[in-house]
Amino acid sequence: MRRVLLLVATLLGVALTARLGWWQLDRAAEKQAQQALLLAESERPALDNAKLATQASPQRRVRLRGHWLNERSIWLDNRPMDGRAGFYVLTPLQLAGSASAILVQRGWVPRDALDRSRLPPLPPAPAEVMVEGRLAASPSRVYELGQGQGGAIRQNLDPAAYAVEAGLPLLPWTVVQQGDAGDGLLRHWPAADAGLQKHYGYAFQWFALCALILGLYVWFQLVRPWRRQRS
């Protein structure tokens, strides 16, 4: 009876860990397919002001005209770039010929090492600018304790909540600005990570555990008794 129970437990353990391993591979395949769709989307023609409201999608390129609402800028803290500490600068762009605005992740600036609350001045901008970039659902996020606070310097920013707070008719998208705009802001944005390696790592761990369970059963229940009988 003990041997039967041990066999059943081994088979269940092998089946469960193998299934979890294949599940992780399936998750990796799903994310890889999503990544391929986003890449295809990023290669489509850029949207202008007129097409933004009806054809917007993640990673879609845009070329938007408008003027900066610099006084509404938000500085996201703890955003390193090129090994230095600093801020991501987010500024609403009032779209030309429209009552709507869109939040733009404009670039990166270094933080004052002596006074982290001191903000560098934003570069002056002409009355109208052309902004090139790609669409994203929201600005990048970092780990934050609690609910977060208002003010110009923040850890994270929820665009929908900020639209209510600032009283701005913001579109439900953000723009990650790209290219050299001549404003001194850095735009060495980190490459998007779909998390494929994480799923492959988990799959390897589950398959390794599956092999270990099976190997231990074979060794202790088959190989060792067989060797004892021969000796």
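Residues numbered from 1 in each chain as written. Predicted model: local features only at pLDDT ≥ 70, side-chain atom pairs only at ≥ 80, totals over all residues. Heavy atoms only, no water.

For the rest of this paragraph, the subject is the overall build of the protein chain. Each helix and strand counted, the protein chain has 4 helices and 7 strands in total. Element order for the protein chain, N to C, with α for helix and β for strand: α-α-β-β-β-β-β-β-α-β-α. Considering only C-alpha atoms, the protein chain reaches an extent of 90 × 45 × 30 Å along its principal axes. Taking all 231 residues of the protein chain together, 35% fall into the buried category. Here the analysis covers contacts within the protein chain between residues at least 6 apart in sequence; of these, 67% occur between residues at least 24 apart. Per element, the accessible surface of the protein chain, about 14,200 Å² overall, is 59% carbon and sulfur. Seen as two clouds, the 27 positive and the 18 negative side-chain charges of the protein chain have centres 15 Å apart. (Helix = DSSP H or I, 4+ residues; strand = E, 2+ residues; numbered from the N terminus. Buried < 20%, exposed > 50% of the residue type's maximum accessible area, 1.4 Å probe, protein only. Contact = heavy atoms within 4.5 Å. Areas by Shrake-Rupley, 256 points an atom, 1.4 Å probe, with all protein chains shown as cover. Lys, Arg positive; Asp, Glu negative; His and termini not counted. Charge placed at Lys NZ, Arg CZ, Asp CG, Glu CD.)

Scanning the model with the defined rule gives 3 aromatic pairs in all. With a centroid separation of 5.1 Å and 85 degrees between ring planes, the pair formed by Tyr88 and Trp189 is classed as edge-to-face. One end of the pair, Tyr88, is in strand β3 (residues 86-95); the other, Trp189, is in the loop between β7 (170-177) and α4 (196-230), with 101 residues separating them in the sequence. Taking relative accessible area as the criterion, Tyr88 reaches 6% and is therefore assigned buried. (Phe/Tyr/Trp six-rings, centres within 6.5 Å; stacked < 30°, edge-to-face > 60°.)

Once that is clear, we can look at the pairing of strand β1 (residues 61-68). Bridge analysis of β1 against strand β5 (residues 129-136) gives 6 bridges, and the strand direction is antiparallel. In the strand pairing of β5, Leu64 is matched with Val131. Of the strand pairs in this sheet, β1 and β3 are connected by 3 bridges, and their pairing is antiparallel. Along β3, the bridge assignment pairs His67 with Gln94. (Pairing = 2+ DSSP bridges.)

Our focus in this paragraph is a nonpolar patch on the surface. On the surface, Leu209, Leu212, Leu216, Trp219 and Phe220 cluster together into a nonpolar patch covering about 460 Å² of accessible area. Taking relative accessible area as the criterion, Leu212 reaches 47% and is therefore assigned partly exposed. (Patch = residues over 30% accessible without salt bridge, like charges linked within 9 Å, V, L, I, M, F, W, Y side chains within 5 Å. Salt bridge = Lys/Arg side-chain N within 4 Å of Asp/Glu carboxyl O.)

Most of β5 sits out of view: 6 of its 8 residues are buried. Summarising the sheet, β5 and β7 pair through 4 bridges and their orientation is antiparallel. Paired with Arg134 across the bridge in β7 is Val176.

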